[in-house]
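Spelled out from the first residue to the last, the chains are:
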Amino acid sequence: MSRAKKSIWSKAAGQKQLIMMALPIILYVVLFTYVPLWGWSIAFQNFKPQKGLFGQEWVGFKWFSMLFSDDAFFQVMRNTLAMSIINLVLGFTTSIGLALLLNEVRTIFLKRFVQTVSYLPHFLSMVIVAGLVQNMLASDGVFNLILLKAGFINEPVQWLGKPEAFWWIAGFTNVWKELGWTTIIYLAAISSIDPHLYEAADIDGCGRFQKMRHITLPSIKPTIVILLIISIGYILESGFEIQYLLGNGMNQEYSQSIDIYVVNYGLGLNNYSLATAAGIFKSVVSVTLLFGANMIAKKFGEDKPL
Amino acid sequence: MTMKQMEVHMKNARLGRVLTVIAIAMVLVGPAIAQNNPITITAYVSGGSSVQPADDNKIYKLIQDKLGVTFKWDIVVGNSTQKTGVLIASQDYPDIMSGDTRLIDAEAYIPLEDLIQKYAPNLKKHYSDDPSVWEKMKAKDGHIYILPNFGVIHNGPSDTAYWGAAMWIQKAVMKEAGYPKIKTIDEYFKLIADYKAKHPTTEDGKPTIGFSILTYDWHAFTLINPPQFLAGYPNDGNGVVDPKTGKYSVHLGLDIAKRWYKLLNAINAKGLLDRDSFIDNYDQYLSKLANGQILGVHDQLWQFNDSQTPLQAQKKILQTMMPLPIVFDSSIVPHYRDRPLPNINNGWGISVKAKDPVRIIKFFDAQMTEEWQKTLAWGIKGEDYLLDPKGQPYRTPEMRKAQLDPNWAQKNQAAIWNANAPKLEGHFSDGSATGIANNSIEYQSTLDPTDQAILKTYGVASWSELMDKSPPPNPSWYPGWQLTPPDGSPAQFAWKKANDTAQKFLPKVILAKPKDFDKRWKEYLDALAKTNVQAYQDFMQSGIDERIAKFGKKK
């Protein structure tokens with residue numbers, strides 16, 4: 001026992017410099033990531049800011065039981081998950097798709113042009129994007145006009161007043177805004193593929209689609225899987241801005257995400273305890289999902305999961 | 001003189017002694033100078049006007065020169081609920097904040113009654129001339145935190161404009177029908193329907209909209225408030241109070257509400273209702289009004305006045321709205337207009353983080369003199385108004401025109417300060433009405449000939465009179481809307497839920513096919529029953545009982 005201890009210490013002494021180098025980062029992580037977790041205690045108190053840190057009244061799991069007995073909370077969880085999954089699936093398929101297509105474009109100018117145009121919306125503020133969407137979906141907006149002229153509908157539809165349409169409005173808005181941006185990383189991955197592979201495939205008589213399927217996609221698989229794992233960690237962050245900006249009384253049943261709930265019922269009603277309880281629950285679900293994704297990644301044969 | 005300069009001088013001992021004497025003298029004289037020592041007051045404003053004043057605003061400049069006060073504004077644009085929540089969480093309060101019950105609950109304001117007693121004779125006189133005002137200003141714990149901005153009247157009320165709740169109708173609609181005297185909601189909708197049939201578009205070619213509802217964010221009370229007025233009740237805060245028993249009922253699911261939404265459902269089937277009501281935001285609502293597209297709304301003028309001024313500036317008087325005291329049946333006595341009452345919980349309060357509350361309250365007091373009140377309300381004599389030989393204020397046509405220009409106002413009016421500041425209302429000691437527009441020369445002349453003619457047709461002198469010539473005395477509990485449940489209470493949560501439910505289900509009720517109305521209404525009632533709205537009702541009942549116990553049943 002004592003020998004083992006000794007060996008650890010002597011090992012540490014041998015790595016003095018490394019430890020010294022790591023120390024600031026460890027301090028940073030502890031200070032900014034773990035110390036604030038103390039704030040979670042608010043969820044178990046009847047928190048009133050003016051009472052200070054130590055004068056609070058403890059109420060146990062009151063806020064959690066309030067959350068779980070509120071029908072709206074499950075609606076909110078459902079919306080968050082649904083919008084996240086829609087974002088995830090749409091985001092991945094469209095950006096990988098665009099990357100594959102762009103990779104096949106032979107005119108460099110056209111490729112660059114499409115790339116630039118498609119990632120410009122990324123730099124727009126969500127407030128502006130929401131304004132555009134609101135205008136396009138208005139009763140006298142472009143979307144309704146096209147549908148009317150094409151004869152699909154007889155009278156304008158209040159798209160933002162249709163609760164069940166909201167998930168898709170949010171999803172496609174996100175795709176429009178972020179498509180070009182997320183494509184960049186796949187294009188980078190594709191460009192690092194060894195050209196010999198393609199040449200070999202040419203000699204073997206592969207067509208374009210076969211090359212895509214058997215060379216490009218397998219080669220960028222590690223990138224896809226890592227990005228997937230990272231995104232799943234954020235799956236409950238389906239966003240706040242777009243739901244906040246496009247949500248209204250009529251579509252609240254489908255537009256309220258967990259963050260909106262926290263703002264409305266937590267900050268909005270000065271109920272910081274309830275807000276914190278909802279936040280903790282969200283973190284727990286996120287961590288569970290992350291481990292789940294990691295396991296799936298292992299099964300997919302990625303030998304270096306995070 | 002800085003410490004460093006002092007140190008350098010102290011090397012010379014003799015000079016040092018002289019300086020000590022000066023320093024002592026300064027300390028002794030200090031308080032007298034401190035009266036007007038320059039100070040910067042940081043202010044948080046939520047709700048109401050949201051336009052930053054121009055840097056060279058002349059009134060603020062005058063305040064700075066004469067009273068030594070410079071303002072730094074933090075004006076909330078859009079949803080104030082969250083911004084205020086964040087403010088409370090951070091505890092990073094500015095010096096003064098506009099009134100908010102949530103800030104009171106968070107103990108963000110300091111009690112003002114002692115400060116007023118000691119340092120503010122003008123404020124004291126203003127608020128305690130009528131002892132019941134002073135009583136009503138007190139929060140539950142017996143302290144005064146907010147200085148009401150409106151409704152403390154001296155020397156008799158003088159209001160002519162009508163800012164309150166009403167069924168508003170575009171003047172063009174009334175003109176088309178030959179200015180009939182209408183009383184019931186059916187007549188009201190019929191006028192609108194007739195007009196819309198004849199004029200499907202405005203002059204600019206935009207489609208006319210029969211009836212619109214503002215449902216955005218907290219403004220959505222215009223969706224749920226009409227039934228109480230239509231049934232002849234005053235605005236008692238999300239419910240009605242039985243005048244005989246004092247029993248309070250939340251109005252969301254009452255029969256009078258059903259009757260109103262059924263009417264809306266019917267006009268929707270006729271294509272009179274603005275279907276975008278439920279997805280538009282506040283700005284979209286205002287712009288439709290400013291385009292003259294909307295023929296009728298239920299609202300309170302202060303909430304949509306910003307849409308009327310551009311129309312007035314363009315001389316499109318017929319496209320502006322006029323108020324009507326509409327009720328369900330001609331047997332019901334309308335109770336829209338109420339007697340002025342102190343606007344409790346609205347106005348400035350001084351925050352716990354204010355460095356020099358005494359200096360601030362002294363400034364509040366200084367601006368309460370009649371001279372300053374005239375400057376703040378009327379502007380600068382010779383520039384913004386003139387006096388006739390009898391001492392009555394009036395404006396030249398150019399001055400009047402300038403008043404309507406928002407850009408001019410930004411440079412020449414202290415609008416944001418005024419909106420929340422304690423102010424003299426009614427009449428000044430020289431007999432002139434405190435609002436310049438309420439003085440006879442000004443009132444007659446600011447009325448467009450069109451408006452004058454309309455008022456003459458109805459045989460009244462002002463819009464207020466059109467609503468109600470002599471409103472009945474306010475019941476002792478009135479107004480119930482001043483009661484708000486404390487933070488974290490079940491009543492607060494219950495109301496939020498009930499309100500969310502109403503906002504979610506009422507659009508469905510209203511937009512349903514007429515044959516589905518009853519089904520949708522039942523769904524709404526079922527959802528409402530699940531919200532524990534009883535907790536809110538109990539809270540309101542106890543508040544009203546408390547007031548009845550304190551002030552008796554009638555005032």
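Every chain begins its residue count from 1, and numbering advances along the sequence as written. Note on labels: chains are lettered from A, ligands numbered from 1, in written order. With pLDDT at 70 or above as the cut-off, local features in this predicted model cover only qualifying residues; side-chain atom pairs require 80 or more to be listed or tallied, and sums for whole chains, interfaces and linings still use all residues.

**Side note on the overall build of chain B**
Logical step 1: Within chain B one finds 26 helices and 15 strands.
Logical step 2: For chain B, whose C-alpha radius of gyration is 26 Å, the value lies close to the compact-globule estimate of 24 Å for 555 residues.
Logical step 3: Reported as C-alpha extents along the three principal axes, the dimensions of chain B are approximately 100 × 55 × 40 Å.
Logical step 4: Buried residues in chain B amount to 42% of all 555 residues.
Logical step 5: What counts as a contact here is a pair of residues whose C-beta atoms, placed from the backbone, lie within 7 Å. Sequence separation of at least 24 residues holds for 78% of the intrachain contacts in chain B that already meet a minimum separation of 6. The secondary structure listing takes helices from DSSP runs of H or I that are at least 4 residues long and strands from runs of E that are at least 2 residues long, numbered from the N terminus. Each radius of gyration is computed over the set of C-alpha atoms, and the globule rule expresses the reference value as 2.2 Å times the number of residues to the power 0.38. With C-beta atoms placed from the backbone, the exposure class of a residue follows from how many other C-beta atoms lie within 10 Å of its own: 20 or more, buried; 12 or fewer, exposed; in between, partly exposed.

**Let's talk about the sheet that holds strand 2 (residues 69-75) of chain B**
All names here are of chain B.
Logical step 1: Overall, mixed pairing links the five strands, which are arranged 2-1-3-12-4 in an open sheet. Two strands close off the open sheet at either side, each with one partner strand: strand 2 and strand 4 (147-148).
Logical step 2: Alignment of strand 1 (residues 39-45) against strand 3 (residues 96-98), held across two bridges, turns out to be parallel. Residue pairing across strands places Tyr44 opposite Met97, the latter belonging to strand 3.
Logical step 3: Where helix 16 (residues 357-366) meets the sheet, it contacts strand 1, strand 2, strand 3, strand 4 and strand 12 (347-350), and its direction lies at approximately 155 degrees from that of strand 12. When DSSP finds two or more bridges between two strands, those strands count as paired. Each axis is a line fitted through C-alpha atoms, taken for helices only over the stretch in contact, and angles between the N-to-C directions span 0 to 180 degrees.

**Here we look at the packing of helix 4 (residues 71-104) of chain A against helix 8 (residues 166-191) of chain A**
All names here are of chain A.
Logical step 1: Where helix 4 contacts helix 8, the axes come no closer than 7 Å and their chain directions differ by 40 degrees. By the angle class used here, helix 4 and helix 8 are oblique. Here helix 4 runs over helix 8; the crossing is right-handed.
Logical step 2: Counted by class, the contact of helix 4 with helix 8 contains 15 nonpolar, nine polar and one charged residues. Orientation labels follow simple angle bins: below 35 degrees gives roughly parallel, above 145 gives roughly antiparallel, 65 to 115 gives roughly perpendicular, and whatever is left gives oblique. Two helices crossing with the near one rotated counterclockwise from the far one by less than a right angle form a left-handed crossing, whereas a clockwise rotation gives a right-handed crossing. Gly is placed with the polar residues, together with every amino acid not listed as nonpolar (Ala, Val, Leu, Ile, Met, Phe, Trp, Tyr, Cys and Pro) or charged (Asp, Glu, Lys and Arg).

**Quick word on the domain arrangement of chain B**
Residue and element names in this part refer to chain B.
Logical step 1: Taken domain by domain, chain B consists of domain 1 (38-157 + 343-445) and domain 2 (165-336).
Logical step 2: Summarising the inter-unit geometry, the C-alpha centres of domain 1 and domain 2 are found 31 Å apart.
Logical step 3: At the interface, five residues of domain 1 touch five residues of domain 2.
Logical step 4: Here the residues of the side of domain 1 that touches domain 2 sort into two nonpolar, two polar and one charged. All the domain ranges listed were derived from an automatic or database domain assignment.

**Considering the nonpolar core**
All names here are of chain B.
Logical step 1: Among the nonpolar cores identified, the biggest contains 98 residues, and Ile169, Tyr188, Ile192 and Tyr536 are the most heavily contacted of them.
Logical step 2: Among the elements that make up this core, the one with the highest residue count is helix 24 (residues 490-511) (11 residues).
Logical step 3: The residues contacting Ile169, other than those within four sequence positions of it, are Met174, Tyr188, Leu295, Gly296, Met321, Met322 and Leu324.
Logical step 4: Judged by nonpolar contacts, the second largest core, of 47 residues, contains Tyr93, Tyr109, Ile361 and Ala414. In this description, a nonpolar core means buried residues of the types Ala, Val, Leu, Ile, Met, Phe, Trp, Tyr and Cys, linked to one another by C-beta atoms lying within 7 Å.

**Details of the interface of chain A and chain B**
Logical step 1: Listed by partner, the interface residues are 20 residues for chain A and 26 residues for chain B.
Logical step 2: The dominant element in the side of chain A that touches chain B, judged by the number of residues it contributes, is helix 13 (residues 258-267) of chain A, at three residues.
Logical step 3: A breakdown of the residues in the side of chain A that touches chain B according to their chemical character gives eight nonpolar, 11 polar and one charged.

**Some points on the confidence of the model for chain B**
Residues and elements named next belong to chain B.
Logical step 1: Each residue carries a pLDDT score, the predictor's confidence in it, ranging from 0 to 100. Mean pLDDT for chain B: 87, with 92% of residues reaching 70 or above.
Logical step 2: Here residues 1-13 is a poorly scored stretch, pLDDT under 50, and it has six contacts once near neighbours within four places are set aside; other chains count.
Logical step 3: What the predictor reports for the complex is a pTM of 0.75 with an ipTM of 0.76.

**Focus: helix 14 (residues 282-290) of chain B**
Residues and elements named next belong to chain B.
Logical step 1: Listed as buried for helix 14 are Tyr285, Lys288, Leu289 and Ala290.
Logical step 2: Along its buried surface, helix 14 packs onto strand 7 (209-212), strand 10 (294-300) and helix 15 (301-313).
Logical step 3: Of the residues one or two after helix 14, Gly292 is the one with positive phi, at around 75 degrees.

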